[in-house]
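# Residue-level structure breakdown
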Amino acid sequence: MSNTTKKWFSLNLGSRKENASSSSCSCGKKEGDCHSADTSPQQKDGFDQVFDVPMDRRTAFKKLTASLLIGAGAVSTSCSLVSGNESKEKAQIDWEEQFKGNYKLMSEEEKKATVERLARSYELRTGKTINLSSQGPEENVLFGYAFNISKCQGYMDCVNACVEENNQDRNSQMQYIRIHEMKDGKGFNFNEADDNYYHEVPAEGHFYMGTQCFHCDNPPCTKVCPVQATWQEEDGLVVIDYDWCVGCRYCMAACPYDGRRFNWSQPEVPEAEINKNQHYLGNRLRKKGVMEKCTFCVQRSRAGKNPACVEACPTGARIFGNLLDPNSTIRWVLENKKVFRLKEDLGTEPKFWYFMD
Amino acid sequence: MFTVFISLVKDSLQAILHGSKKYHLWMAFLTFIMLIGMYCYTIQLEHGLSVTGMTDRVSWGLYISNFTFLVGVAAAAVILVMPTYVLKDIDFKQAVLIGEGLAVAALIMCLAFVVADMGGPSVLWHMLPGIGVFNFPDSMLTWDVIALNGYLFINISIPFYILFRHYQGKDALSKVYVPGALLSVLWAVGIHLVTAFLYQGLQARPFWNNALLGPRFLASAFAAGPALIILVLALIRYSSSFRIEDKTLKKIGIVVTVAAQINLIMLVSELFKEFYAPTHHSESAYYLFFGLHGKKALLPWIWTAISMNLIATLLLTFHKLRNNFKILYFACSLLFIAIWIEKGFGLIVPGFIPGPYGKIAEYTPTGIEIGVTLGIWALGAFVFTILAKTAIKIELGQLRYKKETVSKE
Ligand code: SF4
Ligand code: SF4
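Residues numbered from 1 in each chain as written. Chains lettered and ligands numbered in written order. Predicted model: local features only at pLDDT ≥ 70, side-chain atom pairs only at ≥ 80, totals over all residues. Heavy atoms only, no water.

## Some words on the overall build of chain A
From N to C terminus, chain A includes 13 helices and twelve strands. For chain A, contacts bridging at least 24 residues in sequence account for 66% of all contacts bridging at least 6. For chain A, the accessible area works out to roughly 15,400 Å², and carbon and sulfur atoms hold 50% of it. (Helix = DSSP H or I, 4+ residues; strand = E, 2+ residues; numbered from the N terminus. Contact = heavy atoms within 4.5 Å. Areas by Shrake-Rupley, 256 points an atom, 1.4 Å probe, with all protein chains shown as cover.)

## Topic: the overall build of chain B
The helix and strand tally for chain B stands at 16 helices and zero strands. Computed over C-alpha atoms, the radius of gyration of chain B comes to 22 Å, within 12% of the 22 Å expected from 2.2 N^0.38 for 409 residues, which places it in the range of a compact globule. When the backbone C-alpha atoms are referred to their principal axes, chain B occupies close to 75 × 55 × 40 Å. The proportion of buried residues among the 409 residues of chain B is 58%. Contacts in chain B between residues at least 24 apart in sequence constitute 75% of all its contacts with a sequence separation of at least 6. (Rg over C-alpha atoms; globule rule 2.2 N^0.38 Å. Buried < 20%, exposed > 50% of the residue type's maximum accessible area, 1.4 Å probe, protein only.)

## Considerations on the sheet that holds strand 2 (residues 143-148) of chain A
All names here are of chain A. Spatially, 10-2-12-11 is the arrangement adopted by the four strands of the open sheet, whose pairing is mixed. Whereas interior strands pair on both sides, the edge strands pair on one side only; in this sheet they are strand 10 (318-322) and strand 11 (339-340). Strand direction decides the pairing type here: strand 11 and strand 12 (residues 352-355), joined by two bridges, are antiparallel. Directly across from Phe340, in strand 12, lies its bridge partner Tyr354. Along the sheet, helix 13 (residues 329-336) makes contact with strand 2, strand 10, strand 11 and strand 12, crossing strand 10 at roughly 110°. (Pairing = 2+ DSSP bridges. Axes fitted to C-alpha atoms, helices over the stretch in contact; angles between N-to-C directions.)

## Considerations on the site of ligand 2
The full set of residues close to ligand 2 is Cys225(A), Pro226(A), Val227(A), Thr230(A), Cys245(A), Val246(A), Gly247(A), Cys248(A), Arg249(A), Cys251(A) and Met291(A). Looking at the shell around ligand 2, its residues break down into eight nonpolar, two polar and one charged. (Near = heavy atom within 4 Å. Nonpolar A, V, L, I, M, F, W, Y, C, P; charged D, E, K, R; others polar.)

## Let's talk about the pattern of salt bridges
Side chains that differ in charge, positive against negative, can pair when their charged atoms come close. Throughout the structure, instances matching the rule amount to 34 salt bridges over all chains. Two residues, Arg120(A) and Glu89(A), come together in a salt bridge whose shortest N-O distance is 2.8 Å. Highlighted residues: Arg120(A) in helix 7 (residues 108-126) and Glu89(A) in helix 6 (residues 85-98), separated in sequence by 31 residues. Residue classification places Arg120(A) among the partly exposed positions, given a relative accessible area of 31%. Among the salt bridges present, the one from Asp195(A) reaches Lys359(B), with a minimum N-O distance of 3.4 Å. Separated into two different chains, Asp195(A) in the loop between strand 3 (178-183) and strand 4 (206-211) and Lys359(B) in the loop between helix 14 (345-351) and helix 15 (367-396) make up a pair that spans both. By relative accessible area, which is 13% here, Asp195(A) ends up buried. (Salt bridge = Lys/Arg side-chain N within 4 Å of Asp/Glu carboxyl O.)

## Section: the pairing of strand 2 of chain A
All names here are of chain A. Across the six residues of strand 2, six count as buried, placing the element largely inside the fold. Strand direction decides the pairing type here: strand 2 and strand 10, joined by five bridges, are antiparallel. Among the inter-strand pairings, Phe143 is bridged to a residue of strand 10, identified as Asn322. Here strand 2 runs beside strand 12; their pairing, made up of four bridges, is parallel.

## With respect to the nonpolar core
Trp60(B), Tyr151(B), Tyr199(B), Trp208(B) and Ile252(B) are the most contacted members of the largest nonpolar core, which has 160 residues in total. Broken down by element, this core gets its largest block of residues, 15 residues, from helix 5 (residues 93-117) of chain B. Ignoring sequence-local partners within four residues, the contact set of Trp208(B) consists of Trp60(B), Tyr199(B), Gln200(B), Leu202(B), Leu213(B), Leu347(B), Ile348(B), Gly351(B) and Phe352(B). Counting 57 residues, the second-largest nonpolar core is a separate cluster that includes Tyr122(A), Cys213(A), Tyr257(A) and Phe296(A). (Core = buried A, V, L, I, M, F, W, Y, C linked by side-chain atoms within 4.5 Å.)

## Re the confidence of the model for chain A
In the predicted model, chain A carries a mean pLDDT of 80, and 77% of its residues have values of at least 70. Segment residues 70-78 of chain A: pLDDT under 50, and 15 contacts once partners within four positions in sequence are set aside and those in other chains are kept. (pLDDT = per-residue confidence, 0-100.)

## Comments concerning unusual backbone geometry
Of note, the bond from Phe136(B) into Pro137(B) is cis; its omega dihedral lies within 30 degrees of zero at 5°. Summarising the element assignment, Pro137(B) is placed in the loop between helix 5 and helix 6 (140-167). At the junction of Ile353(B) and Pro354(B), the peptide bond is cis and its omega measures out at -5° in the coordinates. As for its placement among the helices and strands, Pro354(B) is situated in the loop between helix 14 and helix 15. Its identity as a non-glycine residue notwithstanding, Gln228(A) has a phi of 55°, on the positive side. Within the element layout of this structure, Gln228(A) appears in the loop between helix 9 (220-224) and strand 5 (230-232). For Gln228(A), a relative accessible area of 17% corresponds to the buried category.

Written as structure tokens, this is what we have:
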């Protein structure tokens, strides 16, 4: 994949990218031959990495009708005698994945089973293993986040780290975090702010403010979902079951904080850049037509680590921690700083605070 | 009973397949448009919704606009059902079958538009109660699914019952269909209110989060729906021997007029609130009517809609003009288009502009989106033509159950 053509790569993504370009196939990406050829599994992206389904128009239709007719098509493939063992297993996995239930309502065994299936499916096709977790929330944990407006310089390191950590679509340059550049002395005037700048920072006479999903305590986004594909976990994380989401985008319309992103097309992540340390509700590979968002890096936070953005921030503007732990830094900030939240009048109770030094 | 049904299906197939040259041309034309729509949809299936003009900033567009508008058209059939079935106003009798046919077609289009708008049509079974997980009663969308499908069922079953009886040469029993008709009246108001609540309930979008939205939906629906019915009835009058009296058209015209007037009053009230003492919540309205920061994609649309609306309402208000059929038809078409723009583009798109943080990103539908949309409209027209053709034949007595012929065969 070429490094230079995409605006995205102008943002420093670190050294892993170099490896990616040197290890990729030499045929050039414009022809697209490489993409379709099964012989170079590195070129497979996004959904293809999960399900080995070449989605040309015909199979797309087949898939659609198959699932509408409760999977007649999938049954025939999985029962077919001619297909080899591996492809049979794959078909079996696809079939079970297509008709599994909502993650939130699964029992522990079912969760384990689907996680294993997904990991196995990935292995079957790429020969590589991923570490897919279904770790649940811990007791007495409620995650919160604080953002220091006086420290943020608009470097966007958090954005880079987030994109890498969470396997976001490189094609559409999807970013969970937006950094708003605001003029000094005008207060929080979002109307005149710029959240899409490409110039040297910090710019004279400006300050910076980041937004992302605020993990509201009373989230309007989960209430409207017709199929309960998005919900709030015990530890306060607002998550999405990507496989259950039908893509109606109602939650997106309901979020007052621009916290959600939609996969308008097939997400693509170069194989070499995939973060293999994944969580079912977090950074596993997504398919097209589903919603996604910041999960406070559920794969990290539940393992006791800070989210990638917090870790990447060079100025220490970002503070993350357990709100229920009286000794946590976040509690210290909330108790000792003047904090505020955005759009408090809406009653969404974001677990995301801003403060100044 | 069953044999009667089979023969009805056979006979109506006969009726559908035979017709004048014009009829065949019309159906071929619709089929052609539908095929184009399907082709566009396969492209969308393959590449995802990225082939539409929608983005993370404006995440609903043409599909949901049309859906919203058509719910109104479907609901409007009720305005005809009420007087005919319940108040026994005989004038409306023919109009009501057509109206319910129209409602069925509109509902089918609604469902098609919703499906077209889904990111994952292959997992839509998640929305089926029982098999999937239904977020009831929290999500307004689940309410809408129930309301729309229920309404579709009512609107299919009542006319079917009546036609089925007439087909056998019997009279329809009023104690069977009157309760159904009453229910459908309530239900029609329900589907439209619920659809309005879909938007009204979002505190994130101040443009929609306003108490007048629901009632205004109803008013505009009761103007646009019957306006369409008038036009369709006029067409049927000219193209078949089905007798529709002047009186009927005139009466529906009054309904349209009153609804259009109320709609205008509400529009004025809305504009007053937005512009007399504007807050930052008025920005969407500003964008819609005057443009914001140099972005004004919707300006030509909304001002066309408003002027059409004004002219149509004015024309309808004067009895002399309204009772002239040429002017009536003209006013009805104006009104229909005006409300289509207003309730579609003028309502859905500005809800997203400016975004939650003031970002202004404009929306323009793509060719593929327009293709799918036209295809679905053609589907609606197709369904309606079939329904109307059968219904008219039965009502005219040309389609009757013949016991002798069946037993002979
Ligand atoms: S910020 Fe938006 S997406 Fe995140 S929890 Fe709140 S409403 Fe939901
Ligand atoms: S887009 Fe997905 S998560 Fe959002 S409301 Fe629709 S189904 Fe639920």
